[in-house]
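Each chain is listed here by its residues.
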Amino acid sequence: MAQHPQTLNSKQLEESKINSSDVTIKTDDTDKDTVNNLKKDTLMAGQDPIKVNVNINFKNANKDITKNNPIQIAVTNADADNQFKHIKVDTKISNNGDWNIQYADNGIYNATWKGTSSPTELKFNFHILGDDSTIKTPAMVAPVVTIKYDDKTIPSTPTPLYQREYTPFEDKVNEYELIKGFHLAETTVKKESEYGNIGATDYDLIKNIDPNAKITNGTVASNSDQTIYQWGIYFNYSKVLNKDWNELLNPNFQAKFGGVQKLLPTSIKVFEVPSDLLQNENGIRFGIGDKLTIHQNIINL
């Protein structure tokens, strides 16, 4: 089992190959989820990630960094009674150039240099979550990050990155919330035709509704201002973060239309979330602000 670094005095730190002035450890102030979560008075275990950036500059190191001698990045709780409890970190590490970074145990990462020349810096980021397996009642958590190399630890007196009360995980999605329909917008035949959102098989329906609509070469002329109501349906594909995913199979949508209202079948679009886009390589569910490749299937009925 990996051991947590021990605090050393200033004389020992002066002899370190890594200087304290060259180490930066802080929460990511450009990550939207992190910024929003740190504005909260309480966080939910297993639900609210905090992204942490670690940057080590080796340009002023006293000695070269030896290959195959790992640098330890340790994440613990400042609460001495719960030092190794109530905190979860990423255990899946993405590629980091010539640095081989592996998760060891008890919140410790080992970063080993594999390059052909001495490194100039190490940039590494990870997420901290409250541990939903241990937080069963509200608990204060104050994450601390330290760097250890050649039995030297930086900083000698670490300061918590933040301190928050974490509440136990609570499933806030009820069964009746799994599928919801809602009114998106009001638009016109003219606009949707220009956007390419209406297919050729819909034009007979439109002509029956609007006798003045001019159909030319399979398109609706721009003088058709008939109103189109757009509706959306979303499926909440997970009730629990990072746990069981629910699949939507063979959905059946029923609606009643009155008067001359008609459903335009080729306007129906289905956007799917493939399984590889549910969460990132670190096991954290993608947030609303994350930019992802959209997989789109258009159903023509």
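In case you missed it, the structure is sitting above this.
Residues numbered from 1 in each chain as written. Predicted model: local features only at pLDDT ≥ 70, side-chain atom pairs only at ≥ 80, totals over all residues. Heavy atoms only, no water.

With that out of the way, let us pick up the sheet that holds strand 12 (residues 164–167). Pairing is mixed across the open sheet formed by three strands, whose spatial order is 2-12-9. Two strands lie at the open edges of the sheet, namely strand 2 (42–44) and strand 9 (139–141), each paired on one side alone. Recorded for the sheet is a direction-independent mean angle of 40° between the axes of neighbouring strands. One ladder, built from three bridges, connects strand 9 with strand 12; its direction is antiparallel. (Pairing = 2+ DSSP bridges. Helix = DSSP H or I, 4+ residues; strand = E, 2+ residues; numbered from the N terminus. Axes fitted to C-alpha atoms, helices over the stretch in contact; angles between N-to-C directions.)

Before going further, it helps to spend a moment on the pattern of salt bridges. Under the criterion given, the structure shown has three salt bridges. For the salt bridge of Asp28 with Lys51, the shortest nitrogen-to-oxygen distance reads 3.5 Å. Placement of Asp28 in the loop between strand 1 (23–27) and helix 2 (32–38) and of Lys51 in strand 3 (residues 50–57) is noted, with a sequence separation of 23 residues between them. The class of Asp28 is buried, set by a relative accessible area of 6%. (Salt bridge = Lys/Arg side-chain N within 4 Å of Asp/Glu carboxyl O. Buried < 20%, exposed > 50% of the residue type's maximum accessible area, 1.4 Å probe, protein only.)

The next subject is the environment of Ile101. Mapped onto the fold, Ile101 is located in strand 6 (residues 99–103). Along the backbone, Ile101 and Trp113 are 12 residues apart, and their C-alpha atoms lie at a distance of 8.8 Å. Those residues in contact with Ile101 that sit more than four places away from it in its chain are Ile93, Asn96, Tyr109, Asn110, Ala111, Leu122 and Phe124. (Contact = heavy atoms within 4.5 Å.)

Bringing unusual backbone geometry into the picture now. Cis geometry is found at the peptide bond from Ile154 to Pro155, where omega equals -5°. For His86, which is not glycine, the phi dihedral falls at a positive 75°. Here His86 is to be found in the loop between strand 4 (71–77) and strand 5 (87–89). Since its relative accessible area comes to 8%, His86 is described here as buried. Look at Asn106: it is not a glycine, yet its phi comes out positive at around 50°. Tracing the backbone through its elements, the reader meets Asn106 in the loop between strand 6 and strand 7 (108–113). Of the residues examined, Asn106 reaches a relative accessible area of 21% and is grouped as partly exposed.

Looking now at the sheet that holds strand 4. Here we have five strands laid out as an open sheet, ordered 6-7-4-10-11, and antiparallel in their pairing. The open sheet has two free edges, formed respectively by strand 6 and strand 11 (152–154), since each of these has just one partner strand. Each strand axis lies, on average, 25° off the axis of its neighbour in the sheet, ignoring direction. As paired strands, strand 4 and strand 7 are joined by four bridges and run antiparallel to one another. If you follow Ile71 over to strand 7, its bridge partner there is Ala111.

Turning our eyes to something else, we now look at the pairing of strand 10 (residues 143–149). The element strand 10 is largely enclosed, with a buried count of seven among its seven residues. Both faces of strand 10 are covered, namely the face carrying Pro143, Val145, Ile147 and Tyr149 and the face carrying Val144, Thr146 and Lys148. For strand 4 and strand 10, the ladder comprises six bridges, and the chain directions are antiparallel. Residue Val75 lies in a different strand from strand 10, and its bridge partner there is Val145. Across three bridges, strand 10 lies against strand 11 in antiparallel orientation. Paired with Lys148 across the strands is Thr153, a residue of strand 11. Adjacent in sequence and paired antiparallel, strand 10 and strand 11 are bridged by two residues, among which Asp150 carries a positive phi angle near 50°.

For the rest of this paragraph, the subject is the environment of Asn96. Topologically, Asn96 is positioned in the loop between strand 5 and strand 6. Spatially, the C-alpha atom of Asn96 lies 9.6 Å from that of Ala111, the residues being 15 residues apart in sequence. Setting aside residues up to four positions removed in sequence, Asn96 forms contacts with Ile101, Lys123 and Phe124.

When you line up the elements, Asp132 lands in the loop between strand 8 (121–130) and strand 9. What makes Asp132 buried here is its relative accessible area of 13%. A polar atom in the side chain of Asp132 sits 3.1 Å from the side chain of Lys88. (Polar contact = N/O pair within 3.5 Å; in protein donor to acceptor, adjacent residues only side chain to side chain.)

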